[in-house]
2 protein chains.
Amino acid sequence: MQDSIKIAVDAMGGDNAPFEIVKGAVDAANARKDIQILLIGRQNAVEQELQKYSYPAERITVVNAEEVIETAEPPVMAIRKKKQSSIVVGMNMVKQKEADAFVSAGSSGAILVGGQVIVGRIKGIERPPLAPLIPTEKGVSLLIDCGANVDARSSHLVQFARMGSIYMEHVVGISNPKVAIVNIGAEEEKGNALVKETFPLLKECKDINFTGSIEAREIPHGEADVIVCEAFTGNVILKLYEGLSSTLLGVVKKGLMSTLRSKIGALMIKPALKKTMKSFDATAYGGAPLLGLKGLVVKTHGSSKAVEIKNAIIQCVTFKEQEINEKIKQNIINSDKGEE
Amino acid sequence: MQDSIKIAVDAMGGDNAPFEIVKGAVDAANARKDIQILLIGRQNAVEQELQKYSYPAERITVVNAEEVIETAEPPVMAIRKKKQSSIVVGMNMVKQKEADAFVSAGSSGAILVGGQVIVGRIKGIERPPLAPLIPTEKGVSLLIDCGANVDARSSHLVQFARMGSIYMEHVVGISNPKVAIVNIGAEEEKGNALVKETFPLLKECKDINFTGSIEAREIPHGEADVIVCEAFTGNVILKLYEGLSSTLLGVVKKGLMSTLRSKIGALMIKPALKKTMKSFDATAYGGAPLLGLKGLVVKTHGSSKAVEIKNAIIQCVTFKEQEINEKIKQNIINSDKGEE
């Protein structure tokens, strides 16, 4: 029998805090008995929300944190100054091993900075990538890195490929995940300087199933399980996924309203269409881990609702059970040995 | 009365050559009396296609070119060796002023190399960008650069912004076009090294309407008319546009087939939906100019059908009539003066 897992949740982060966050935490605690939740935020506000629900009181604790880091604040300064913010308090709990994981829908910048400065990197990890799951025709792929660490070096990308592969295999359950690098052509000689330098290094990695380059056109078809790229490119891919999905849905809706015949048809297809489009919503897989840290930090989308918070919390359990950080540490040790 | 404009068309380029190319050329010649077309390719094959149509024989000439550059061939070598290929012959006609423009659906790499090596750059232009139009909610935006010139410098991006602005104003007809740089956040301090270096330079350009950063999420909403980026990023955006549009349409179709009710509805919405999706097809605006060359070279999508070839040919007339290259030359002279 597994010990219960302690998950600190930022009750003040995101557009729908605290109500959707608290609801998501309650749903997670009701769904699984092996979860202990530490809800971090302004005590009165959080307790007021909690009162609305029935929940196992012995497994949800409120931890007071008076300050809130806003999305627009410069992250480095915010992490340094706001010691009583929910993000800093939550990250410190992970650092002190009072929590196994921290989940936040708050400021991406502050979470990325806090993860590195407070929780700290696993020894040997050069940069912790932010790795969201994106929907594809075949399921989901891990897009690594979408963080703020732009202008990465080839050695960073190799570590992203390794960590991403471990995550997809053990958390998402894809055996021998296909790893590809984002490129502007399929051939090895194509690409910018970074890709050309990284490609042969990935080919040499015996611990991953490297399948070569992936053009952006193939990403939505699910041709790779782990999509490796530098954070600027990753951010462009992730945001374009969001923007294009919502725009195309809007265009389809407008088209449906264009004739009487199509209006009647629209009423008949509405439920089926809604369900399908939901499965292709990039925000639905909102729990993106910041990999390679000494503890687990998960960033969910700023617009997260209760269901995404609940899913992100449950995802932390798998991460912990599968001992992902132990596997990353072991991988780093092995690859260092391999290079000697 | 305008003199007629001579347009060389690569009859052998693209997936549907020569039949769709020849048909597109015939359609263009029939649509406009001010166009002279030089159809370049294997004489027999091209003439066989031409026989199928009625067309003004005095305005369509076949120019024999026995060789064909295949998409998979290394471009530099192909341009050097295949002197009798349709691409090399067409480019040489532009160079020798025997043609005002060259339109090809053939190998992107060969067109980019040939444009620089054979046609040559306008004095002062550091790199010729490939600039396709992409569909948005509001119409179209120019994505500049999507070529093979990755790892650009900030001075290149500034020239892209200027040339893109001239193109959108005078060819597409958007007055005072909004110019934005692709970035991972809206703030000036965000971005990778290249964007951070380029941003202040664009702010200083008095001849363009620079509106700042654009996140990839906002691109499909049509927030900018000219979207400036380095070619690797541009290629990712263009290809993801294609891949995601086709995947989402597939997902929608699958959803429509999921219940009996939705199947009936699907039949009713089919015509309206088809029309709408067509307007959002990135390949439909297939004529991407390679800007900054001494003549005009237009690359159309490899899968171009007759209608795209026809549109690309007609687009060349506007380009020539509006004296885009004269405007680019003047702009370079003025901006050099400004820097002194």
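Quick summary incoming for the structure in this document.

Calculation rules
Throughout this description, residue numbers start from 1 for each chain and increase along the sequence as written. Chain letters start at A and ligand numbers start at 1, both assigned in the order the entries are written. Local features in a predicted model are, by the rule used here, given only for residues with pLDDT of at least 70; side-chain atom pairs are given and counted only at 80 or more, and totals for whole chains, interfaces and linings are based on all residues. Water and hydrogen atoms were dropped before computing side-chain values, which therefore reflect all heavy atoms in the structure. Each helix is a run of DSSP H or I of at least 4 residues and each strand a run of E of at least 2, with the numbering of both proceeding from the N terminus. Helix span, as expected, comes to 1.5 Å for every residue beyond the first. Buried means the residue's accessible area, taken with a 1.4 Å probe over protein chains only, is under 20% of the maximum for its type, while exposed means over 50%, and partly exposed covers the values in between. Residues count as neighbours in contact if any of their non-hydrogen atoms are within 4.5 Å of one another. A patch consists of residues whose relative accessible area exceeds 30% and which take part in no salt bridge; residues with like charges are grouped when within 9 Å of each other, and nonpolar side chains (Val, Leu, Ile, Met, Phe, Trp, Tyr) when within 5 Å. Calculation of accessible area relied on Shrake-Rupley with a 1.4 Å probe; when residues are assessed, cover is drawn exclusively from the protein chains displayed. Salt bridges are counted wherever a side-chain nitrogen of Lys or Arg sits within 4 Å of a carboxyl oxygen of Asp or Glu. Only four residue types enter the charge count, namely Lys and Arg as positive and Asp and Glu as negative; His and the chain termini do not. Where a charge sits is defined by one atom per residue type, namely NZ (Lys), CZ (Arg), CG (Asp) or CD (Glu). Here the copies are superposed with least squares, the fitted atoms being C-alpha atoms of residues at a pLDDT of at least 70 in both. At least two bridges found by DSSP between two strands is the condition for calling them paired. Simply put, an axis is a line fit to the C-alpha atoms, just over the touching stretch for a helix, and the angle between two N-to-C directions goes from 0 to 180 degrees. Two parts placed together each lose some accessible area under a 1.4 Å probe, and adding up what both lose gives the buried area. Nitrogen and oxygen atoms within 3.5 Å of one another constitute a polar contact, given that in protein one can donate a hydrogen and the other can accept it, and given that sequence-neighbouring residues count only through two side-chain atoms. Under the grouping applied here, Gly and all other residues not named as nonpolar or charged are polar, the nonpolar ones being Ala, Val, Leu, Ile, Met, Phe, Trp, Tyr, Cys and Pro and the charged ones Asp, Glu, Lys and Arg.

Residues and elements named next belong to chain A. With 13 residues, helix α1 (residues 19–31) should reach 18 Å at 1.5 Å per residue; the first-to-last C-alpha distance of 18 Å fits that figure. If you check which residues of α1 are buried, you get Glu20, Ile21, Val22, Gly24, Ala25, Val26, Ala28 and Ala29. Buried residues along α1 sit against β1 (5–10), β2 (35–41), α2 (43–50), β3 (60–64) and α10 (306–321).

All names here are of chain A. A cluster of basic residues, Lys253, Lys270, Lys274, Lys278 and Lys305, forms a positive patch on the protein surface. Ranked by residue count, the leading element in the positive patch is helix α9 (residues 260–279), at 3 residues. For Lys253, the position within the fold is in helix α8 (residues 231–256).

This part covers the relation of the copies chain B and chain A. Between the two copies, chain B and chain A, the superposition gives an RMSD of 0.0 Å; the rotation angle is 180 degrees and the shift along the axis is 0.0 Å. As the rotation angle and translation indicate, the two copies are arranged about a two-fold axis. By C-alpha distance to the rotation axis, the residue of chain B lying nearest is Gly265 of chain B, at 2.0 Å.

Counted according to the given criterion, the structure contains 26 salt bridges over all chains. Across the pair Arg217 of chain A and Glu242 of chain B runs a salt bridge, and its minimum N-O distance is 3.1 Å. Of this pair, Arg217 of chain A sits in the loop between β8 (209–215) and β9 (226–228) while Glu242 of chain B sits in helix α8 (residues 231–256), on two different chains. By relative accessible area, which is 24% here, Arg217 of chain A ends up partly exposed. Note on Glu242 of chain B: relative accessible area 17%, which makes it buried. Note that Asp207 of chain B is salt-bridged to Arg162 of chain B, the shortest N-O span being 2.8 Å. Of this pair, Asp207 of chain B sits in the loop between α7 (193–204) and β8 (209–215) while Arg162 of chain B sits in helix α6 (residues 154–172), placing them 45 residues apart in sequence. If you follow the salt bridges from partner to partner, you end up with Glu215 and Arg217 of chain A together with Lys239 and Glu242 of chain B in one network.

Attention now goes to the side chain of Thr198 of chain A. Residues and elements named next belong to chain A. In this fold, Thr198 is placed in helix α7 (residues 193–204). A relative accessible area of 0% means that Thr198 is categorised as buried. If we ignore the near neighbours within four places in the chain, the residues touching Thr198 are Ser154, Leu157, Val158 and Ile181.

On to helix α4 (residues 86–95) of chain B. In an α-helix, one turn spans 3.6 residues, which is why side chains three or four residues apart end up on the same side. Residues and elements named next belong to chain B. Of all the 10 residues making up α4, 8 are buried; the element is thus mostly covered by neighbouring parts of the structure. Those residues of α4 that sit buried are Ser86, Ile87, Val88, Val89, Gly90, Met91, Met93 and Val94. The positive-phi residue at the C-terminal boundary of α4 is Lys97, with phi of around 65 degrees.

So, about the sheet that holds strand β10 (residues 288–290) of chain B. Residue and element names in this part refer to chain B. Pairing in this open sheet of 6 strands is mixed, and the strands run β3-β2-β1-β4-β11-β10 from one edge to the other. The two strands at the open ends of the sheet, each matched to only one other strand, are β3 (60–64) and β10. Across the sheet, the mean angle separating the axes of adjacent strands is 25 degrees when strand polarity is ignored. The pairing of β10 with strand β11 (residues 296–299) spans 3 bridges and is classified as antiparallel. Along β11, the bridge assignment pairs Leu290 with Val297. Of the strands in this sheet, β1 (5–10), β2 (35–41), β4 (101–104), β10 and β11 touch helix α10 (residues 306–321), which is tilted by about 145 degrees from β1.

What follows covers the interface of chain B and chain A. Contact residues are listed per partner, giving 49 residues for chain B and 49 residues for chain A. When chain B packs against chain A, the two sides together hide about 4,700 Å² of surface, and 75% of this comes from carbon and sulfur. Across the chain B-chain A interface, the total number found is 4 salt bridges. If you look at where chain B meets chain A, you find 14 residue pairs in polar contact (both at pLDDT 80 or more). When residues of the side of chain B that touches chain A are traced back to their parent elements, those giving at least two are β7 (178–183), α7, α8 and α9 (260–279) of chain B. With 19 residues, α8 of chain B is the single largest residue contributor to the side of chain B that touches chain A. For the side of chain B that touches chain A, the per-class residue count stands at 27 nonpolar, 15 polar and 7 charged.

Residues and elements named next belong to chain A. A cis geometry characterises the amide bond from Ala17 onward to Pro18, with omega recorded as -5 degrees. Along the polypeptide, Pro18 turns up in the loop between β1 and α1. Backbone geometry places Asp151, a non-glycine residue, at a positive phi of 55 degrees. Here Asp151 is to be found in the loop between β6 (139–144) and α6 (154–172).

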